[in-house]
Amino acid sequence: MSQKRALFILQRDWGIKTGVPIASHFLSKGYEVGGVTLKRSIFDSISTHPISKELLFLKDFDSVINDPLSVDGVNDISLQEICTNLGIDSIWPLSQERMFVRDYKKKYYYSFRQNKSDYFISNYFKACYLFFNSLISDYDINIIIGRNYASTFQSVYSLICDKKSIPTISLETSNVPGWSIFTDSYKFTSQSLVDKIESFQLNPVSKSKSIETKKLISLLRNQDKWNSDHDNVVAETSKILKDQDRKSLGLGTVSIYEKLKSEIRVFYYAWVHRKTNKRNFLKNIGPTIDSMSLKLLIRDYFAHKTNLRKSKKVKYNDFNFDDYYAYFPLQFQPEATTDLWNPWLNNQIETSRILAQAMPDDFRLVVKEHPAMLGRRSYSFYEKLLKSPNVVLVDPYNNSHIEIIKNSRIVITSSITTSFEAALHKKPCIQISDILLPKLLPNVIQHDYMKTMPTIIKKHLNLDTNNIDYEESLENYVSAITTCGVNSEIFNELTNSQNIEKIAERFLSESERLLINNGDLFNE
């Protein structure tokens, strides 16, 4: 083989809007390219796209999800063999696939009741391993390129590639607002970021770059609220329409027309996407957010409204900024933050209860709902938190997330964004998920063993954040992200051919950097 071969994970809408143009760019630069799609409708669209004639292969991964036994060899391999080959002790922390371990049919935004049997889940893990291991070997894949690492199959191919010394790459939102970074494993690692930080430690950034970074840090410190992906979710799909409620959440007011549009969106969606939803329906899985029936869409519409109304009736705890407290903000769920990076503690009610028991001395645990989950969680969820000892559940409509951080003594989180917010405001932070990015911050330590948590909290409270070394470390971190990352504004107009070309070229240059470091870049 004389050419480089790239496998693209063409998942969901990203696969069409971004993945295909990037793959086309790779083809134009002499790469051979194959594709694996997620969502049957995406497979159908790419199959009729001109690029399909240039691909080495195009595989529909939904067939594996729907029927793991369709992959040859599932009954012939043991989990012990797979664990040994991947260098892991258990498949179950990586098997928290929301379609399997939760049930959308039973409850709006997922019941915690298991949807598929352990037998099905273990077979699915085997199928993921066999599917990608075979694909990588049969086609001599040199690099895998995808949107993110957010599910079981992505963690599996990440582990396979790690064992085979094959680089993987995705472009994901960083914890510095406005910037995305290239990551190279399901644990949100980024060797390019680590290398850049180390280079800044040895050779301080230029004066002009330092001034620019200081300005950005100062700007972020003075903001009460940042724009983020989940803020957009709140603004677009929360159906929080009352002006006062939107104002308290930092959302802009909406016109009567926009309110009406929001109300009828569910019915519009059901009509426009009725054929697509039918194609994406997985018979052995049941309904998902990609294959909703009109009946479930109507159920969700009224459930969301009911949950929103009841969230205003919750008797939230009184709260004083002068209290000694640790802050534990709840996370959007399901998503990678809770289920892939932190599977041991992904029951947020139970995690809050255990953390509250770990509070030292006079400390209490302050808990606040994620604004994008308002309407998605039921009243009973908040009731359980309210009845948990030493948990202070605060009103999400009337308490600023940033102000709670500013006045806290310490922050505990699994979120990469919250850890950075804590760093900006010089608050010690304990990261309870085992991922790299937050560990690079000067205020963060990683710890998830609850029995020793009180001792760790008391020790970390002594962290000195008011010194030159702390500020330099923070500046190095921010400078590294803005130097080797991608400005997220490029994504705002992906229809702009120049923006698509910029993203494609960045993917190409980062891929070739990884291949060169891997000693696997071939001469044409």
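Our subject is the structure that appears above.
**Student:** What should I look at first to understand the sheet that holds strand β1 (residues 5-11) in this one?
**Tutor:** Hydrogen bonds between backbone groups are what pair the strands of a sheet, and the pairing can be parallel or antiparallel. Spatially, the seven strands line up as an open sheet ordered β3-β2-β1-β4-β5-β6-β13, and their pairing is mixed. Of all the strands in the sheet, the pair left with one neighbour each is β3 (58-60) and β13 (486-487). Strand contacts of helix α6 (residues 118-138): β1, β2 (32-38), β3 and β4 (143-146), with the helix running at about 145° to β1, the strand carrying the most contacts. Those strands touched by helix α7 (residues 152-164) are β1, β2, β4 and β5 (168-173), and its axis lies near 165° from that of β1.

**Student:** Quick question: what am I supposed to make of the sheet that holds strand β12 (residues 444-446) here?
**Tutor:** The strand order across the open sheet formed by six strands is β9-β8-β7-β10-β11-β12, and the pairing between neighbours is parallel. Bordering the open sheet on either side are β9 (391-394) and β12, each of which pairs with just one other strand. Averaged over all pairs of adjacent strands, the angle between their axes in this sheet comes to 25°, without regard to strand direction. Contacting β10 (410-413), β11 (429-431) and β12, helix α21 (residues 453-460) crosses the sheet at an angle of about 140° to β11.

**Student:** Explain the packing of aromatic side chains to me, please; I cannot follow it from the model alone.
**Tutor:** Two aromatic rings, taken as a pair, are described by how far apart their centres are and by the angle between their planes. On inspection of all chains with the given rule, the structure shows 27 aromatic pairs. With a centroid separation of 6.4 Å and 65° between ring planes, the pair formed by Phe61 and Tyr124 is classed as edge-to-face. Here Phe61, found in the loop between β3 and α3 (62-66), pairs with Tyr124, found in helix α6; they are 63 residues apart in sequence, far enough to count as distant. Seen from their ring centres, Phe381 and Tyr382 are 5.5 Å apart, and the 85° between their planes marks the pair as edge-to-face. Each of the two residues, Phe381 as well as Tyr382, counts as buried. Every member of this aromatic cluster is reached through a ring pair, and the members are Phe61, Phe100, Phe120, Tyr124, Phe131, Phe132, Tyr149, Phe153 and Tyr157. The positively charged end of Lys312 is found above the aromatic ring belonging to Tyr397, 4.9 Å away from the centroid. Over the face of the ring belonging to Tyr324 we find Arg409, whose NZ or CZ atom lies 4.3 Å from the ring centre.

**Student:** Looking at this structure, I do not really get a nonpolar patch on the surface. What am I missing?
**Tutor:** Taken together, Leu260, Ile264, Phe267 and Leu294 make up a surface patch of nonpolar side chains, about 380 Å² in accessible area. Among the elements that make up the nonpolar patch, the one with the highest residue count is helix α12 (residues 256-272) (three residues). Looking at the element boundaries, Leu260 is found in helix α12.

**Student:** Would you mind showing me how to read the environment of Gln154 here?
**Tutor:** Within the element layout of this structure, Gln154 appears in helix α7. Along the backbone, Gln154 and Phe132 are 22 residues apart, and their C-alpha atoms lie at a distance of 9.7 Å. For Gln154, the residues in contact, after removing those within four places along its chain, are Gln11, Asn148 and Tyr149. A distance of 2.9 Å separates the side chain of Gln154 from the backbone nitrogen of Ser151, its partner in a polar contact.

**Student:** What is the right way to read unusual backbone geometry from this model?
**Tutor:** Most peptide bonds take the trans form, and the phi angle of most residues other than glycine is negative. With an omega dihedral of 5°, the bond running from Gln333 to Pro334 counts as a cis peptide bond. Unlike most non-glycine residues, Lys39 shows phi in positive territory, near 95°. Overall, Lys39 belongs to the buried group, its relative accessible area being 12%. Of note, the phi angle at Tyr109 is positive, near 50°, even though the residue is not glycine. Tracing the backbone shows Tyr109 in the loop between α5 (98-101) and α6. Here Tyr109 falls in the buried class, since its relative accessible area comes to 15%.

**Student:** Sorry if this is basic, but what is going on with the pattern of salt bridges here?
**Tutor:** When the charged atoms of two side chains with opposite charge come close together, those side chains can pair. Following the criterion strictly, the structure yields 19 salt bridges and no others. For the salt bridge of Glu471 with Lys426, the shortest nitrogen-to-oxygen distance reads 4.0 Å. Within this pair, whereas Glu471 is found in helix α22 (residues 468-484), its partner Lys426 is found in the loop between α19 (416-424) and β11, the two being separated by 45 residues in sequence. The shortest N-O distance in the salt bridge between Asp434 and Lys439 comes to 2.8 Å. Each of Arg40, Asp44, Asp60 and Arg279 takes part in one network of salt bridges that share partners.

Quick notes on the rules
Residues numbered from 1 in each chain as written. Predicted model: local features only at pLDDT ≥ 70, side-chain atom pairs only at ≥ 80, totals over all residues. Heavy atoms only, no water. Pairing = 2+ DSSP bridges. Helix = DSSP H or I, 4+ residues; strand = E, 2+ residues; numbered from the N terminus. Contact = heavy atoms within 4.5 Å. Axes fitted to C-alpha atoms, helices over the stretch in contact; angles between N-to-C directions. Phe/Tyr/Trp six-rings, centres within 6.5 Å; stacked < 30°, edge-to-face > 60°. Buried < 20%, exposed > 50% of the residue type's maximum accessible area, 1.4 Å probe, protein only. Lys NZ or Arg CZ within 6 Å of the ring centre and 35° of its normal. Patch = residues over 30% accessible without salt bridge, like charges linked within 9 Å, V, L, I, M, F, W, Y side chains within 5 Å. Areas by Shrake-Rupley, 256 points an atom, 1.4 Å probe, with all protein chains shown as cover. Salt bridge = Lys/Arg side-chain N within 4 Å of Asp/Glu carboxyl O. Polar contact = N/O pair within 3.5 Å; in protein donor to acceptor, adjacent residues only side chain to side chain.

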